[in-house]
Amino acid sequence: MRIGEFARRTGTSQRMLRYYEQQGLLWPHRGTGGYREYAEDDTDTVRRIRMLLAAGLNTRTIAELLPCTVADGESLIPACSGLVPGLERERERIDRAMADLLAARTALDALVAAAPGVDATGAEICLAADG
């Protein structure tokens, strides 16, 4: 099927399908005139790509892991034992990002708590400038 029909069937934009192809995640056949032709199996591939993206993985990592996954309805199943170290590495990366975000939120909470309020008339107080 051509890209328009495939986009409708997968709920993915044509632009995103082209991007998946550029990233080496999807390999449509090129038909007459160079048109992309997608097979039924490509629907499953797009579903797996979207699941891995939703898990916070980047496309480079997905390109490595995608061949070792199979879809089981709404979830993915590792098909190769070698997949686990890569998944653990990505989980550690996400844990570090979460810790960084938590530290940033804590710093913002401290700023909010230290901010001056309003004076007795209800006017905002600004300690930084006289005017």
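Residues numbered from 1 in each chain as written. Predicted model: local features only at pLDDT ≥ 70, side-chain atom pairs only at ≥ 80, totals over all residues. Heavy atoms only, no water.

1. Structural notes on the side chain of Thr43
At step 1: With respect to the element layout, Thr43 can be found in helix H3 (residues 40–54).
At step 2: Residue contacts for Thr43: discarding those within four places in its chain leaves Phe6, Arg9 and Thr10. (Helix = DSSP H or I, 4+ residues; strand = E, 2+ residues; numbered from the N terminus. Contact = heavy atoms within 4.5 Å.)

2. As for the packing of aromatic side chains
At step 1: For the coordinates displayed, the defined rule picks out one aromatic pair.
At step 2: Where Phe6 meets Tyr38, the ring centres are 4.2 Å apart and the plane angle is 0°; that geometry is what we call stacked. Highlighted residues: Phe6 in helix H1 (residues 3–10) and Tyr38 in the loop between strand S2 (36–37) and H3, separated in sequence by 32 residues. By the burial criterion, Phe6 is buried, and Tyr38 matches it.
At step 3: We note Arg2 situated over the ring of Tyr35; from NZ or CZ to the ring centre the distance is 4.1 Å. (Phe/Tyr/Trp six-rings, centres within 6.5 Å; stacked < 30°, edge-to-face > 60°. Buried < 20%, exposed > 50% of the residue type's maximum accessible area, 1.4 Å probe, protein only. Lys NZ or Arg CZ within 6 Å of the ring centre and 35° of its normal.)

3. Points about the pattern of salt bridges
At step 1: For the structure on display, the rule yields 10 salt bridges.
At step 2: Salt-bridge contacts for Glu40 lead to Arg9; the nearest nitrogen and oxygen are separated by 2.3 Å. In this pair, Glu40 sits in helix H3 while Arg9 sits in helix H1, placing the two residues 31 residues apart along the sequence.
At step 3: The exposure class assigned to Arg9 is partly exposed, which follows from its relative accessible area of 43%.
At step 4: Between Arg36 and Glu21 there is a salt bridge; the shortest N-O distance is 2.5 Å. Here Arg36, found in strand S2, pairs with Glu21, found in helix H2 (residues 14–22); they are 15 residues apart in sequence, far enough to count as distant.
At step 5: Here the salt bridges do not stand alone but share partners, grouping Glu5, Arg8, Arg9 and Glu40 into one network. (Salt bridge = Lys/Arg side-chain N within 4 Å of Asp/Glu carboxyl O.)

Geometric descriptors of this kind do not, in isolation, establish any biological role.
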